[in-house]
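Breakdown of the fold
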Amino acid sequence: MNQDVDSLDPADWEPMRALAHEMVDAAVVHLRDVRARPVWREMPGGVRAAFATPLPEKPLPLGGVWREIREALLPYPMGNIHPRFWMWYMGSGSFTGALGEFLAAIEGSNLGGGNNAATLMDAQVVRWVRDMMGFPETASGTLVDGGSKANIIGLTVARNAMAGVDVREEGVAAIPAPLRFYASSQVHSCHQKAVELLGLGNRALRRVGTDEHLRLDLRALEEAIAVDRAGGLKPACVIGTAGTTNTGAVDDLRAIATLCRREGLWFHVDGCIGALLRLAPDHRHLVAGLEEADSLALDLHKWLHAPFEAGCALVRDAALHRGTFAVHPEYLEEKPRGAAAAEYPHDYNLQTSRGFRALKLWMILKEHGTAKFGRMIDRNIAQARRLAAQVEAHPELVLMTPVTINVVCFRYAPPGLDEVALRAVNTEIMLRLQEEGIASISDTELSGHHCLRAAICNHRTRDADLELLVDEVLRLGREVLSAP
Ligand SMILES: *Cc1c(COP(=O)(O)O)cnc(C)c1O
C-alpha cells in the first residue's frame, strides 16, 4: 500500500457509484413498504451478537459492511417511521429529510460559521422559523439537536438576564438571591436537567399545580411567586408549555405572558410539541400568546418530521442571546474578507462545530410549504379526537383526560376490576401490541391512575390504523382476562 495515496476516497469511483445506487434503491423500498412490516420486533441473539464484535483493525469491503447493515440493523428499528407508531412523542421522518442529511454530509461544511452558502442557509432557516413563530425581525435563534438543548439555551439566557450579576464572569455563587423558575407539574424532564446544569439546583424549578385540563394553574403560580418573593428568593422565569408530553395540555400562554410582564419575569415557552400549531389553521388559536415569549424552544423532528436531530431555540433579545454564548478566541476572529468574513452561529450556541442540519429543513420546507404541514397537524389532531370519540363510545374503554391536541390517554376498563388489575391488564395489552408488531403505544400515570397513551405525531397514520388500534386493544384485553 502506497502511503502517499492512502485516502478515504475509493481508488475506483465506479463500483462505489453502483453500491451507492443500490443503497438508495434499498432505502426507497424500505420506506415505501414500511406499512407491510411489523412496527417493532424483538432482536434474535445473532443480531445482538453482531453488535458485540470487537473494534476492526483490518478492512472489510463496503459491500460487506452494507450487508451487515441490511441484515442486522434495518429490520430492527425503533419503529417510529411506521404508520402505527404512537409511542412517547416522535416524528416519523421523511425521505426528503434523509436526502438532506446525505447531501449535508457530502457538502461537508462545519456550521460553526464562516463565509459560505451553508452558513447563509442556516441563517435563513432560523429566520423562517422565527417568522413561523411570529417573533420580531430583531429576534435571534439557533438550530440545535433537539428540544432539550433548545430549552437549555433559552433557560441559560433567562438565568443570565435575571441573575442580577455577571454570571459569566462571577459564576452562580455570586447570584445575590436564589433564582426561581416556575412551570406546571407536567413540565418536561429536560427542564430539571437544565436547572441542574445551570448550577441552580433542581429546587430552583418550582412545579406548580394544574387545573382540571392539566394546564398550569395561574392562581397557584401567582401564590408561589408571592411566597418566594416574601421569602427572599428571586422569581426569575415562568416556563409555559405549549403541548405537554403526557397529555398534550396547552398552558394559557397569553395569560402567562401578561403575568410575566406585570411581575418582571422572563417568559420561556417549551413549544417542542405545540409551537408548530401556529401553522395549523384549525388549532393555531390554542397557542395564542406564544409570540410574546422572551425565549422559545421548538422541535423540528416532531411535527415537521425532519430526521433526528433538529430543534431550534429563539430569543427575542438577540443581544442577550449573543451575550450569553459569544466568546472570541483569536483563532476564531472574524476577518474583513475571505472565508472567515461572516457572523458566527456558534456565538448563539453551546456548540463550536455544528452539523449542517439546516439543509434537510430547507429542503422539506421548500418541497412541501408550510400550509401542507399545517394541514397535516390539523389532521393528526382530528385523528386524536376521532380515537377519543371511539374510546368514549365503547363500554369497555375509558378516556382518561380530555383531548386537547394529538395525545389520547385511555384504558381498557371492563367493569369489576380494581386499580391493580387494571394496571396489569393494560400493561399486558401495551406489551403485546408491541411484541406482535401491531402498534407501538406507551403508558403513563394520570393522578395515580395508570393508562395507555397514544401520541399521534405521524404523517403516515390513516384513520383505519387507529380503528385497528381500538379493535386490537379490545381483543388483547379480553384475551388477557380470559387466560387461566
Ligand atoms: C420532546 C420534548 C422535549 C425534549 O425534546 P428532545 O428533542 O427530545 O430533546 C421537551 N419538551 C417537550 C414538551 C417535549 O415534548
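Note that the structure is a prediction, hence the values are computed from the model and not measured.

1. Section: unusual backbone geometry
In this structure, Glu309 follows Phe308 across a cis peptide bond, with omega equal to 10°. Here Glu309 is to be found in the loop between strand 6 (295-299) and strand 7 (311-315). In this structure, His305 takes a positive phi of about 60° despite not being glycine. Its place among the elements puts His305 in the loop between strand 6 and strand 7.

2. Notes on the packing of helix 13 (residues 419-435) against helix 14 (residues 463-482)
Across the interface, helix 13 lies against helix 14 with an axial gap of 9 Å and an inter-helix angle of 120°. By the angle class used here, helix 13 and helix 14 are oblique. Every pair of crossing elements has a handedness; the one defined by helix 13 and helix 14 is right-handed. On helix 14, the residues that touch Val425, Glu428, Ile429, Arg432 and Leu433 of helix 13 are Leu469, Glu472, Val473, Leu476, Gly477, Glu479, Val480 and Leu481. Its residues assigned to classes, the contact of helix 13 with helix 14 shows eight nonpolar, one polar and four charged.

3. Overview of empty space enclosed by the protein
Using the criterion set out here, one finds two cavities of 30 Å³ or more in the structure. When its volume is computed, the largest cavity comes out at roughly 40 Å³. Residues of the lining of the largest cavity, tallied by class, amount to five nonpolar, two polar and one charged. The wall of the second largest cavity is formed by Asn80, Phe85, Trp86, Met87, Met90, Gly91, Ser92, Ala455, Cys457 and Asn458.

4. Focus on the side chain of Lys302
Looking at the element boundaries, Lys302 is found in the loop between strand 6 and strand 7. A distance of 3.0 Å separates a polar atom in the side chain of Lys302 from a polar atom in the side chain of Asp299.

5. Concerning the site of the ligand
For the ligand, the set of nearby residues contains 14 residues, the closest of which are Gly147, Ser148, Asp270, Asp299 and Lys302. The separation between an oxygen atom of the ligand and a polar side-chain atom of Ser148 is 2.6 Å. One of the side-chain nitrogen or oxygen atoms of Asp299 is found 2.7 Å away from an oxygen atom of the ligand. Contact with the protein chains removes 85% of the 380 Å² of surface that the ligand exposes when unbound.

6. Focus on the nonpolar core
Ranked by size, the top nonpolar core spans 68 residues in total, and within it Met133 and Leu300 carry the most contacts. At 10 residues, the largest contribution of residues to this core is made by helix 12 (residues 358-393). The residue makeup of this core includes at least three contributed by each of domain 1 (19-40 + 77-93 + 370-484) and domain 2 (109-355). Those residues in contact with Met133, other than ones at most four positions away along the chain, are Ala275, Leu276, Arg278, Leu290, Glu291, Leu296, Leu298 and Leu314. Ranked by size, the runner-up nonpolar core spans 29 residues in total, among them Ala183, Val195, Leu198 and Val315.

7. Topic: the layout of surface pockets
If a probe as big as a water molecule is rolled over the atoms, it shows which places are left empty. Roughly 1200 Å³ of internal volume is contained in the largest pocket. Counting residues per element, the ones that place at least two in the lining of the largest pocket are helix 1 (13-32), helix 3 (62-73) and helix 4 (95-107). Per-element accounting of the lining of the largest pocket gives the leading share, 11 residues, to helix 1. The residue inventory of the lining of the largest pocket, partitioned by class, reads 26 nonpolar, seven polar and three charged. Each pocket or cavity is described by its volume, and for the second largest pocket that value is around 540 Å³. Broken down by secondary-structure element, the contributors of at least two residues to the lining of the second largest pocket are helix 1 and helix 3.

8. Quick notes on the confidence of the model for the protein chain
Mean pLDDT for the protein chain: 96, with 99% of residues reaching 70 or above. No element of the protein chain has a lower mean pLDDT than helix 2 (residues 45-50), which averages 95, and none a higher one than strand 5 (residues 266-270), which averages 99.

9. Quick look at the packing of helix 6 (residues 147-162) against helix 11 (residues 318-325)
As a packed pair, helix 6 and helix 11 sit with axes 9 Å apart at the nearest point and diverge in direction by 95°. Between helix 6 and helix 11, the angle is such that the two are roughly perpendicular. Across the interface between the two elements, Ile153, Thr156, Val157, Asn160 and Ala161 from helix 6 touch Leu320, His321, Thr324 and Phe325 from helix 11. The residue makeup of the contact of helix 6 with helix 11, split by class, is five nonpolar, four polar and no charged.

10. Description of a negative patch on the surface
On the surface, a cluster of negative charge is contributed by Glu330, Glu333, Glu334 and Glu343. Tracing the sequence through the fold places Glu334 in the loop between helix 11 and helix 12. By relative accessible area, which is 34% here, Glu334 ends up partly exposed.

11. Looking at the sheet that holds strand 6
In spatial order, the strands read 1-7-6-5-4-2-3; together these seven strands make up an open sheet with mixed pairing. Edge strands, defined here as strands with exactly one partner in the open sheet, are strand 1 (140-144) and strand 3 (205-208). Strand after strand, the sheet turns through a mean of 20° between neighbouring axes, direction not considered. Relative to strand 4 (residues 234-241), strand 2 (residues 179-184) is paired through four bridges, and the arrangement is parallel. Its bridge partner lying in strand 4, Arg180 is registered against Pro235. Sitting on the sheet, helix 5 (residues 117-132) is in contact with strand 1, strand 6 and strand 7, with an inclination near 110° to strand 1.

12. Things to note about the packing of aromatic side chains
According to the stated counting rule, one finds two aromatic pairs in the structure shown. With a centroid separation of 6.4 Å and an interplanar angle of 55°, the aromatic rings of Phe85 and Trp88 are classed as tilted. Taking the relative accessible area as the measure of exposure, Phe85 reaches 3% and is therefore buried. A relative accessible area of 42% means that Trp88 is categorised as partly exposed. One residue, Arg41, lies across the ring of Tyr76, its end atom 5.6 Å from the ring centre. Here Arg316 stacks its cationic end above the ring of Phe135, 5.0 Å away from the centre of that ring.

The rules behind these values
- Residues numbered from 1 in each chain as written.
- Predicted model: local features only at pLDDT ≥ 70, side-chain atom pairs only at ≥ 80, totals over all residues.
- Heavy atoms only, no water.
- Helix = DSSP H or I, 4+ residues; strand = E, 2+ residues; numbered from the N terminus.
- Axes fitted to C-alpha atoms, helices over the stretch in contact; angles between N-to-C directions.
- Parallel < 35°, antiparallel > 145°, perpendicular 65-115°, else oblique.
- Left-handed = near helix turned anticlockwise from the far one by under 90°.
- Contact = heavy atoms within 4.5 Å.
- Nonpolar A, V, L, I, M, F, W, Y, C, P; charged D, E, K, R; others polar.
- 1 Å grid on protein atoms, 1.4 Å probe; cavity = no way out; pocket = protein on both sides within 12 Å on 5 of 7 lines; lining within 4 Å.
- Points joined across faces, edges and corners; volume = space filled by probe spheres on them.
- Polar contact = N/O pair within 3.5 Å; in protein donor to acceptor, adjacent residues only side chain to side chain.
- Near = heavy atom within 4 Å.
- Areas by Shrake-Rupley, 256 points an atom, 1.4 Å probe, with all protein chains shown as cover.
- Core = buried A, V, L, I, M, F, W, Y, C linked by side-chain atoms within 4.5 Å.
- Buried < 20%, exposed > 50% of the residue type's maximum accessible area, 1.4 Å probe, protein only.
- Domains from an automatic or database assignment.
- pLDDT = per-residue confidence, 0-100.
- Patch = residues over 30% accessible without salt bridge, like charges linked within 9 Å, V, L, I, M, F, W, Y side chains within 5 Å.
- Salt bridge = Lys/Arg side-chain N within 4 Å of Asp/Glu carboxyl O.
- Lys, Arg positive; Asp, Glu negative; His and termini not counted.
- Charge placed at Lys NZ, Arg CZ, Asp CG, Glu CD.
- Pairing = 2+ DSSP bridges.
- Phe/Tyr/Trp six-rings, centres within 6.5 Å; stacked < 30°, edge-to-face > 60°.
- Lys NZ or Arg CZ within 6 Å of the ring centre and 35° of its normal.

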